[in-house]
Amino acid sequence: MEKIKGTKCEFGYIQKQKVFQSLMLLLFVAVGVGLFVAGLLITGTRANIFTVLGILMVLPAAKRIIALVVMVPRKSVDKVRYDQMRQTVAEEGILYTDYVFTSPDKIMSFDFLIIQNQNVMGILSEKKQDEAYILDYLKKSVESQASGYQVKLFSSDEEFYKFYLKLTEGSGSQERDGDFLAGQDKVSEYLKILAV
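Residues numbered from 1 in each chain as written. Predicted model: local features only at pLDDT ≥ 70, side-chain atom pairs only at ≥ 80, totals over all residues. Heavy atoms only, no water.

Student: Can you help me understand the sheet that holds strand S2 (residues 107-116) in this one?
Tutor: Backbone hydrogen bonds hold the strands of a sheet together, and the pairing may be parallel or antiparallel. Here four strands make up an open sheet; going across it, the order is S1-S2-S3-S4 and the pairing mixed. Single-partner strands in this sheet number two, and they are strand S1 (94-102) and strand S4 (150-154). Each adjacent strand pair in this sheet contributes to an overall mean axis angle of 25 degrees, direction not counted. Where S1 lies against S2, eight bridges are found, and the strand directions are antiparallel. Counted as the bridge partner of Leu95 is Ile114 from S2. (Pairing = 2+ DSSP bridges. Helix = DSSP H or I, 4+ residues; strand = E, 2+ residues; numbered from the N terminus. Axes fitted to C-alpha atoms, helices over the stretch in contact; angles between N-to-C directions.)

Below is the structure:
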């Protein structure tokens, strides 16, 4: 199922979700219409249990429509770009891609979200997003999980690479204490849960 549905925050997730949610929507519509027609043919009237069951198929279909509304305007990161980012981010860094998340007010997305050295760095996938809102929302979310984390947003890969080089310059692979690793795990798990 994961192969068809995709795994949250991993390469190709948005594209797989578009296909999966579209197929599920078609399935629920077909089942709903099939139940209605079967009931009509069996009983000769619309007032039957099959009609009720057919109408109930609207609920899971509506859930699929909402998922499509969130995913359709976005696109997955291409493989070359993903591979380049995967090579750049150090082993101790956590890389999420095709990252889509929501707040009560907005739908937001990153091509990449990187967690490393108490930094949460997001590369925006769309130029027309409200960066100030996203930064504030993300800072509050991260602070609720662990203190001392910096949140940075970038509008391009090049901006990120410049910052990342400075961030990792001379740091190498360092030993981290238990509190540091626990905080990073808590932040990364929360951010994965936050993703749609």
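Student: I'm lost on the environment of Tyr161 in this one. Help?
Tutor: Summarising the element assignment, Tyr161 is placed in helix H7 (residues 157-168). Taking the C-alpha atoms as reference, Tyr161 lies 8.2 Å from Thr88; in sequence the two are 73 residues apart.

Student: Any chance you could explain helix H4 (residues 58-71) here in plain terms?
Tutor: It helps to recall that an α-helix has 3.6 residues per turn; residues three or four apart then point in one direction. Compared with an ideal rise of 1.5 Å per residue, which puts 14 residues at 20 Å, H4 spans 20 Å between its outermost C-alpha atoms and is within 8% of the ideal. Along H4, the residues classified as buried are Ala61, Arg64, Ala67, Leu68, Val70 and Met71. Lining the buried residues of H4 we find helix H2 (13-43), S1 and S2. (Expected span 1.5 Å × (residues − 1). Buried < 20%, exposed > 50% of the residue type's maximum accessible area, 1.4 Å probe, protein only. Contact = heavy atoms within 4.5 Å.)

Student: Explanation requested: the pattern of salt bridges in the structure shown.
Tutor: Side chains carrying opposite charge are able to pair once their charged atoms draw close together. Counted according to the given criterion, the structure contains six salt bridges. Close ionic contact of Arg74 with Glu126 constitutes a salt bridge, the shortest N to O distance being 3.4 Å. With Arg74 in the loop between H4 and helix H5 (79-88) and Glu126 in the loop between strand S3 (119-124) and helix H6 (131-143), the pair connects residues that are 52 residues apart, well separated along the chain. Arg81 is the partner of Asp111 in a salt bridge, and the nearest nitrogen-oxygen pair spans 2.7 Å. Taken together, the residues Asp111 in strand S2 and Arg81 in helix H5 connect sequence positions 30 residues apart. Since its relative accessible area comes to 9%, Asp111 is described here as buried. A relative accessible area of 23% means that Arg81 is categorised as partly exposed. (Salt bridge = Lys/Arg side-chain N within 4 Å of Asp/Glu carboxyl O.)

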